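# Residue-level structural notes
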Amino acid sequence: MQTETSHHHEITRLCIQCAIFLLQHGAESALVEELATRLGKALGMDSIEISISANSIVLSAIKNNHCITTTRKNNDHGINMHMVTEVQHIVIMAEHKLLDHKDVLKRFSHLKPLRYPRWLMVLIVGLSCASFCKLNAGGWDGALVTFIASAVAMYVRLLLTQRRLHPQITFAITAFIATSVSGLLIGKGIFTNTSTIAIASSVLLLVPGFPLINAVADMFKGHVNTGLARWTMASLLTLATCIGIVTALSLWGLNGWQ
Amino acid sequence: MAIIEFILALIQDMVLAAIPALGFAMVFNVPARALPYCALLGAIGHGSRMILLKLGLSIETGTFLSAILVGVIGIQWSRWYLAHPKIFTVAAVIPMFPGIYAYTSMISIVKLSQSGYSEPLFIEAVMNFLKASYIVGALSIGLSLPALWLYRKRPRV
């Protein structure tokens, strides 16, 4: 009896660890629910009931009419698809009986989020925003301005994120810097004939694309709670970005884009 | 001649769309092995939308159909990669994301509160907000639909 209860406890902990890993790294609610349930069933539970809200998860594991419930707080660790993939692989292996609960625990404790090197991120995000500028008919000179501005902004953003500054403040500061660099290059600098679409493109690195897509997907699949929370969070981040842009535009006396 | 010009423009469009798809895939920390597929899928998505827009569809409908295409391909690829399709598909639709509409709308709202009510500003805020919301909805629902409707019963992976 004693060992069975402790076994039940352990599996409950593993399931909620799986759910919290997924939620922290930006998986949609349907996936969090699906994978936690599948892991629990693979490890011998009868059913897993889970309630997801924006900053916590409550999970019950039920076996032979015994039920253990536990709660974990969720703090956002940033979007990391590598972690989501790894957790999913562990769940699939557990389902095929390749891992028992001890192996799952060991694998979970060894999971480490993948981070690409900073210089590479700065380079590729600069190129991405430059492509956005060209796609929006900003011309090659506009793309160059966008590349410079968004690379500088991305560097600042990574520095601020590393210091764990509040996300909205990070977004506002980053937007201010991107707008200042691109706006000053166009308005006061050497690129006087460049399309102003370059200013807009240089802040596109801050668009909360993943949260917005997750928000609609959540609401569409019936998780209205988390969907609304994600939508609100993404709107607040966009608002913070826009305050950064407007501050920069009015400080330097620029006109914005048409 | 017009056909060749269009094909050249399409190729340029697809190459330019592949770069942000790759870039944002790296921002989302997609595993390195899946990165080339994100770039390819981004190019396919944006290229197909360009063709649909050329055929006279509105930007919302075109985005919706392209997102469905991306979703279907993403599900096929997720089978052999044993991962959720969102790993490929979200980064791939980022080039179609209505970022400039969203910013223009939000900036108009900030300006409305700064300089008082004026009709052109309000129209700009509302129209851009609607456009941005519809496109985000089209992208997200387009990505989710294939999974919901082709694989209702069994798990995808």
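Parameters at a glance
Residues numbered from 1 in each chain as written. Chains lettered and ligands numbered in written order. Predicted model: local features only at pLDDT ≥ 70, side-chain atom pairs only at ≥ 80, totals over all residues. Helix = DSSP H or I, 4+ residues; strand = E, 2+ residues; numbered from the N terminus. Contact = placed C-beta atoms within 7 Å. Domains from an automatic or database assignment. Nonpolar A, V, L, I, M, F, W, Y, C, P; charged D, E, K, R; others polar. pLDDT = per-residue confidence, 0-100.

Before going further, it helps to spend a moment on the environment of Ile73 of chain B. Residues and elements named next belong to chain B. Along the chain, the position of Ile73 falls in helix 3 (residues 59-81). In sequence terms Ile73 and Phe88 are 15 residues apart; their C-alpha atoms lie 9.3 Å from each other. When near neighbours in sequence (up to four residues on either side) are disregarded, Ile73 contacts Leu41 and Ile44.

Our focus in this paragraph is the domain arrangement of chain A. All names here are of chain A. As far as domains go, chain A holds domain 1 (2-110) and domain 2 (118-252). With centres defined by C-alpha atoms, the gap from domain 1 to domain 2 works out at 35 Å. Listed as interface residues are 8 residues of domain 1 and, on the opposing side, 9 residues of domain 2. Among the secondary structure elements, those contributing two or more residues to the side of domain 1 that touches domain 2 are helix 2 (29-42) and strand 1 (47-53). In terms of residue class, the side of domain 1 that touches domain 2 is built from 4 nonpolar, 3 polar and 1 charged.

Time to look at the interface of chain A and chain B. Between chain A and chain B, the contact holds 45 residues from the first and 37 residues from the second. Of all the elements, helix 5 (residues 118-135) of chain A adds the most residues to the side of chain A that touches chain B, at 9 residues. Residue composition of the side of chain A that touches chain B, grouped by class: 29 nonpolar, 11 polar and 5 charged.

What follows covers the confidence of the model for chain B. Note: predicted coordinates in regions of low pLDDT should not be interpreted at a detailed level. All names here are of chain B. Taken as a whole, chain B shows an average pLDDT of 88; of its residues, 96% reach a score of 70 or greater. Averaged pLDDT values over the elements of chain B bottom out at 86 in helix 5 (residues 99-115) and peak at 93 in helix 2 (residues 35-54). The complex model carries a pTM of 0.88, and its ipTM stands at 0.86.

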